[in-house]
Amino acid sequence: MGKIIELNEALANQIAAGEVVERPASVVKELVENSIDAGSSKIIINVEEAGLRLIEVIDNGLGLEKEDVALALRRHATSKIKDSADLFRIRTLGFRGEALPSIASVSQMTIETSTAEEESGTKLIAKGGNIETLEPLAKRVGTKISVANLFYNTPARLKYIKSLQAELSHITDIINRLSLAHPEISFTLVNEGKEFLKTAGNGDLRQVIAAIYGIGTAKKMRQIKGSDLDFELTGYVSIPELTRANRNYITILINGRFIKNFLLNQAILEGYGNRLMVGRFPFAILSIKIDPTLADVNVHPTKQEVRLSKERELMALISKAIDEALSEGVLIPEALENLQGRAKEKESLSVQTELPLQNNPLYYDNVRQDFYVREEATFKINKNQASNDSSEQTFDNFTENQLNTDAVSEKMTDRTVESTTEITDNSLENTVSNFEIDFDNEVKISQSSTFPQLEYLAQLHATYLLCQSKEGLYLVDQHAAQERIKYEYWKDKIGEVSMEQQILLAPYLFTLPKNDFIVLAEKKDLLHEAGVFLEEYGENQFILREHPIWLKETEIEKSINEMIDIILSSKEFSLKKYRHDLAAMVACKSSIKANHPLDAESARALLAELATCKNPYSCAHGRPTIVHFSGDDIQKMFRRIQETHRSKAASWKDFE
């Protein structure tokens, strides 16, 4: 007698439910997606005991015809696809025909539905997947599905259910994602009779963001747009000051479907570049419209994993759109907002003193882009007596003294980087002409720049530069500011990679384990972009006979080993990222540190050069270079003005 038997339909549905119905949130997701596919404009979700006792989804969609209601509980019965060709151009959220029978097999389900063409509706009651009642019902608009006593017949599943708060959190997250995917639909989530979420359904994505994350978050979102022949990208991303410690606030939507994709997440971070601090992640809602033939959603029962054609092109489009959105406008964080919610330490009574700015002051060399200690007595400029000619002459003498001090220049070069670049007379003239310092305490900045025109006041604690403008008070972190300046300088220098090679007198040998040797032998062409050409030499060895001229000979072994490690760990090597990391390291190591006094002239030179940067708002590692206290903020601190209900209403009006 044979041992293989065909399982009955009820048992097969319970097995399928193990994949589709993982937790109450899975039920909510499947039912709400069916409501969306039915063309609903209003969906209400009621849950009790985090969905274990009751999940109720009410919509105003097209509804089900009487003859289809019972059939909907059969496995693989669906109205979404009809043949194999439809499987490759799916436009709906559901298509498998597994959700309703799987849910019904582990719960007590009630369906009340009707269509506009029928005179009456239909009510179905099922328990454990078996239909108990199918009867007519008074006509209603759309469909109402109730799922009670979830997992009542599979108690083993209940053991793995987390706390009610955790399950409710998952349900809320599902509704949040669907609300962001479909701002044209009004969603209402009610838990134990209390409204958790309500969206307007007017199609305004920014208002949905405000309903979910709050008005303050919505105000700090930048709209992004991008398109090419295959993709249309829209959405919002947060400015760099608004971040979180995990990726949970990144929502990627493909044709209205929330998906998880590691490479697209990486593309978002690449779009921010070094505007983000390490380990921080932005808020992002990206809606991508794509031809269904370029996406395969038939990968996993949850349909959150999607295979995409032309994924690299989509990554480039996302990164470019985010970079363009963040390149416009001012990105200076408000100082008081950064301090909100933090308990202030009790401060002792401070005595006003003068900072020792003339105690071994540092001077700034805008050619070498570094600070150094000049042993000469600090000179002071009297702006009432100095004419424009004398000011220019003083600045010329200042620069000439820096360049002619060989000992100081050598020390300065050693502090920056080991490699030096020769500066010609022409480049020196161009560098000096790029900086206009007004000795009337004003940093001259191009009118087209969004960076504020700063008037230098003083140095605070030998670390921060105090400045003012018509917009209020500004604090500049001198280390972060110079790190940004040097990063952009070294990024260009290191980025000028020449393929010219220098032959080595003594070749370098790189010995690897056999498994790593096989992988690198297959992918060593990735190093050619960096001008590194390894040849197989003996067993498990590579030989390097020449090196690119941009790579110093003293750094060859260390740098190439780093490149090899990157290829072996991630199976690809990005020269762009490697240059960024190298430039960021050089900039940070060689920049002025905290607790170093600056004289006024060097501080103004630093501010002037910061204003010329492409991104003057953050250092190479994403820390802010400058923070802002607005005039209103300062008046509020001194209680000269107070926030009223009217001002809050005005704030919301400005948001709209």
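Before reading on, note that the structure itself is shown above.
Predicted model, so just to flag it, every value in this text is computed and none were measured.

K.L.:
Describe in detail the packing of aromatic side chains, supporting the description with residues and values.
P.N.:
Scanning the model with the defined rule gives 5 aromatic pairs in all. Between Tyr213 and Phe283, the aromatic rings sit 5.1 Å apart at their centres with planes inclined by 80°, giving edge-to-face as the arrangement. Of the two residues, Tyr213 sits in helix α7 (residues 205–213) while Phe283 sits in the loop between β14 (281–282) and β15 (284–290), which places them 70 residues apart along the sequence. For Phe283, a relative accessible area of 1% gives the class buried. Ring geometry for Tyr249 against Phe283: centres 4.7 Å apart, planes inclined by 45°, an arrangement best described as tilted. Here Tyr249 is found in the loop between β11 (243–244) and β12 (250–254), whereas its partner Phe283 is found in the loop between β14 and β15, with 34 residues between them in sequence. On the basis of relative accessibility, which here comes to 27%, the residue Tyr249 falls in the partly exposed class. A cation over a ring is seen here: Arg244 above Tyr249, with NZ or CZ 5.6 Å from the ring centre.

K.L.:
Go over the nonpolar core with me, naming the residues and quoting the values.
P.N.:
With 55 residues, the main nonpolar core has Leu31, Val32, Ile45, Met109, Val147 and Phe187 as its most contacted residues. The dominant element in this core, judged by the number of residues it contributes, is helix α6 (residues 164–181), at 7 residues. Counting 32 residues, the second-largest nonpolar core is a separate cluster that includes Val237, Ile250, Leu276 and Ala295.

K.L.:
Before we move on, can you summarise the sheet that holds β12 with the specific residues and values?
P.N.:
Pairing is mixed in the open sheet, where 5 strands are placed in the order β9-β10-β15-β12-β13. Edge positions in the sheet fall to β9 (221–227) and β13 (257–259), since each has one partner strand and no second. Across the sheet, the mean angle from the axis of one strand to that of its neighbour is 20°, orientation sign disregarded. Pairing geometry for β12 and β15, over 5 bridges, is parallel. Counted as the bridge partner of Ile250 is Ala284 from β15. In the packing of helix α9 (residues 262–272) onto the sheet, the strands contacted are β10 (231–238), β12, β13 and β15, and the crossing angle to β12 comes to about 120°. Seen against the sheet, helix α10 (residues 311–326) touches β9, β10 and β15 and runs at an angle of roughly 140° to β9.

K.L.:
Describe the sheet that holds strand β23 (residues 464–469), and please don't skip the residues or the numbers.
P.N.:
One open sheet accounts for 4 strands, arranged β22-β23-β24-β28; its pairing is antiparallel. Of all strands in the sheet, those bounded by a partner on one side alone are β22 (455–460) and β28 (626–630). Pairs of neighbouring strands in the sheet enclose a mean axial angle of 25°, with direction left out of account. Judged from the 6 bridges that link them, β23 and strand β24 (residues 472–477) form a sheet pairing that is antiparallel. From the neighbouring strand, Leu465 faces β24, where its bridge partner is Val476.

Conventions we followed
Residues numbered from 1 in each chain as written. Predicted model: local features only at pLDDT ≥ 70, side-chain atom pairs only at ≥ 80, totals over all residues. Heavy atoms only, no water. Phe/Tyr/Trp six-rings, centres within 6.5 Å; stacked < 30°, edge-to-face > 60°. Helix = DSSP H or I, 4+ residues; strand = E, 2+ residues; numbered from the N terminus. Buried < 20%, exposed > 50% of the residue type's maximum accessible area, 1.4 Å probe, protein only. Lys NZ or Arg CZ within 6 Å of the ring centre and 35° of its normal. Core = buried A, V, L, I, M, F, W, Y, C linked by side-chain atoms within 4.5 Å. Pairing = 2+ DSSP bridges. Axes fitted to C-alpha atoms, helices over the stretch in contact; angles between N-to-C directions. Contact = heavy atoms within 4.5 Å.

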